[in-house]
Amino acid sequence: MSYDIMRLIGNTPVIRLRRIAGEGSAEVHVKLEYLNPTGSHKDRIAYYMIRDAEERGLIRPGDEVVEASSGNTAISVAWIGSIRGYRVKIFVEEGVLEAKLSLIRSFGAEVIKVPPAKGSYTDVARKYAEDHGLLFLNQYDNEANVRAHYETTGTELLKQLDGRIDAFVMGIGTCGTIAGVGKLLREKLGEGVRIVGVVPRGSRIIRECGRPDKIEGLASDLVPGIWKRYHHIVDEIIEVSYEEAIQAVKALIRHEGILGGPPTGANIHAALKVARELGRGIVATIAPDTILKYPHIL
Ligand SMILES: Cc1ncc(COP(=O)(O)O)c(C=O)c1O
């Protein structure tokens, strides 16, 4: 039997860490989102954002759509655009890995690098879309991003862990995953479940000045619109340095066979901390993408 490739989005497995979560800790379970078709959880939101715009009559195949992304969402939107027949223009900040940009272009999408002097790449993308009468998907503010994780990622996690989740730990980029999964867990499990956000050390999400660390995909300088609407869902935030994230990635690969990228490392570093604090129960977290997208790191 052959499948529509978009049916391969989601239903990713959950793996329990057997070695690096020490004795006297809660169990840590990781949902392997890098097993989505283009290698990240962003396939879910790209699909939701495009379908949502189609259903609202904002776009139809042949149109051009605009997105701002530091990498993974761009890959997912370019992929779906190539399958559903949209022309895709992606605005990125300077410094995104060339390997990622080549992949985006290979789907037929156009990449525009925005130098810092021109302002934020999201503002430049928004203005371009406005000036040309095009749809700006805007993952940082798009409610379909939250809904994707509420209806799919969160629902799957609850089912896979039999509704037994004591804490959910997730890096904040657009804030879509933690908002969607967190909202569902609050509704189904009540106030007892701990929702823990993870940000690079010094992130603007919690500090007004200073130079934040950069962990690809996580919010360093930008405070997303979704965060402003959903921050009440998050009980606490853990700051993780770039070095701590990379150490966790190395341990995860060596001892657990899980090929997560740097944001996975940040999640694991924070999840292990929460698991130690809880002592028992279940901590769920996500491996959003894979180290195979960052071959220079190891
Ligand atoms: C690899 C990776 N991890 C984590 C995140 C953060 O997820 P979210 O945008 O849902 O907050 C992103 C966002 O771009 C990402 O690309």
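Before going into details, it helps to say that this report is about the structure given with it. If you're wondering where the values come from, they're calculated on a predicted model, not measured in any experiment. (Residues numbered from 1 in each chain as written. Predicted model: local features only at pLDDT ≥ 70, side-chain atom pairs only at ≥ 80, totals over all residues. Heavy atoms only, no water.)

**Details of the side chain of Lys89**
For the record, the criterion: Secondary structure elements follow DSSP: runs of H or I of four or more residues count as helices, runs of E of two or more count as strands, with numbering from the N terminus. Burial status follows relative accessibility: with a 1.4 Å probe on protein chains alone, a residue under 20% of its type maximum counts as buried, one over 50% as exposed, and anything between as partly exposed. N or O atoms within 3.5 Å of each other form a polar contact, as long as, within protein, one can give a hydrogen and the other can take it, and as long as residues adjacent in sequence are counted only when both atoms are side-chain atoms. Only heavy atoms enter the contact rule, under which two residues are in contact if any of them lie within 4.5 Å.
Tracing the backbone shows Lys89 in strand E4 (residues 87–93). The exposure class assigned to Lys89 is buried, which follows from its relative accessible area of 9%. For Lys89, the side chain forms a polar contact with the side chain of Tyr128, separated by 2.6 Å. The contact partners of Lys89, leaving out residues within four places of it in the chain, are Glu64, Val65, Val66, Glu67, Glu110, Ile112 and Tyr128.

**A word on the site of the ligand**
How we decide: If even one non-hydrogen atom of a residue comes within 4 Å of a molecule or strand, that residue is called near it. Areas reported here follow the Shrake-Rupley algorithm with a probe of radius 1.4 Å; residue values treat only the protein chains shown as occluding.
Near the ligand there are 16 residues, and of these Lys42, Gly173, Thr174, Cys175 and Thr177 occur at the shortest range. Gly173 is positioned such that a nitrogen or oxygen atom in its backbone is 2.8 Å from an oxygen atom of the ligand. Here an oxygen atom of the ligand and a side-chain polar atom of Thr174 are 2.7 Å apart. When the ligand is considered free in solution it has 380 Å² of accessible area, and contact with the protein chains removes 97% of it.

**Examining helix H6 (residues 176–189)**
An α-helical turn contains 3.6 residues, so any two residues separated by three or four positions project in the same direction. Stated formally: For a helix, the expected span equals 1.5 Å multiplied by the residue count minus one.
Look at H6: 19 Å from first C-alpha to last across 14 residues, which is about the 20 Å you get at 1.5 Å a residue. Among the residues of H6, Gly176, Thr177, Ile178, Ala179, Gly180, Val181, Gly182, Leu184, Leu185 and Arg186 are the ones counted as buried. Structurally, H6 contributes buried residues whose contacts are with helix H5 (143–160), strand E7 (167–171), strand E8 (194–200) and helix H7 (225–230). Trailing H6 by a residue or two, Gly190 shows a phi angle of about 85 degrees, which is positive.

**Description of helix H9 (residues 262–278)**
Over its 17 residues, H9 extends 24 Å from the first C-alpha to the last, a length consistent with the 24 Å expected when each residue adds 1.5 Å. Burial of H9 is extensive: 12 of the 17 residues sit out of reach of the surface. Along H9, the residues classified as buried are Pro262, Pro263, Thr264, Gly265, Ala266, Asn267, Ile268, Ala270, Ala271, Leu272, Val274 and Ala275. Check the buried side of H9 and you find it contacts strand E2 (27–32), E7, E8, strand E9 (236–240), helix H8 (242–256) and strand E10 (282–287). Downstream of H9 by one or two residues, Gly279 has phi in the positive range, about 80 degrees.

**Structural notes on the packing of helix H1 (residues 42–55) against H5**
A packed helix pair is summarised by two numbers, namely the angle formed by the two axes and the spacing between the axes. The condition is simple: Note on method: axes are straight lines fitted to C-alpha atoms, helices fitted across the in-contact stretch only, with angles between N-to-C directions ranging 0 to 180 degrees. Orientation labels follow simple angle bins: below 35 degrees gives roughly parallel, above 145 gives roughly antiparallel, 65 to 115 gives roughly perpendicular, and whatever is left gives oblique. Crossing handedness: left-handed means the near helix sits turned counterclockwise from the far one by under a right angle, and right-handed means the same turn made clockwise. Under this grouping Gly is polar, as are all residues other than the nonpolar Ala, Val, Leu, Ile, Met, Phe, Trp, Tyr, Cys and Pro and the charged Asp, Glu, Lys and Arg.
Where H1 contacts H5, the two axes come as close as 8 Å, and the packing angle between them is 130 degrees. Classed by the angle they form, the pair H1 and H5 counts as oblique. Crossing of H1 against H5: the hand is right-handed. Here H1 contributes Arg44, Ile45, Tyr48, Met49 and Asp52 to the contact with H5, which in turn contributes Ala144, Asn145, Arg147, Ala148, His149, Glu151, Thr152, Thr153 and Glu156. The residue makeup of the contact of H1 with H5, split by class, is five nonpolar, four polar and five charged.

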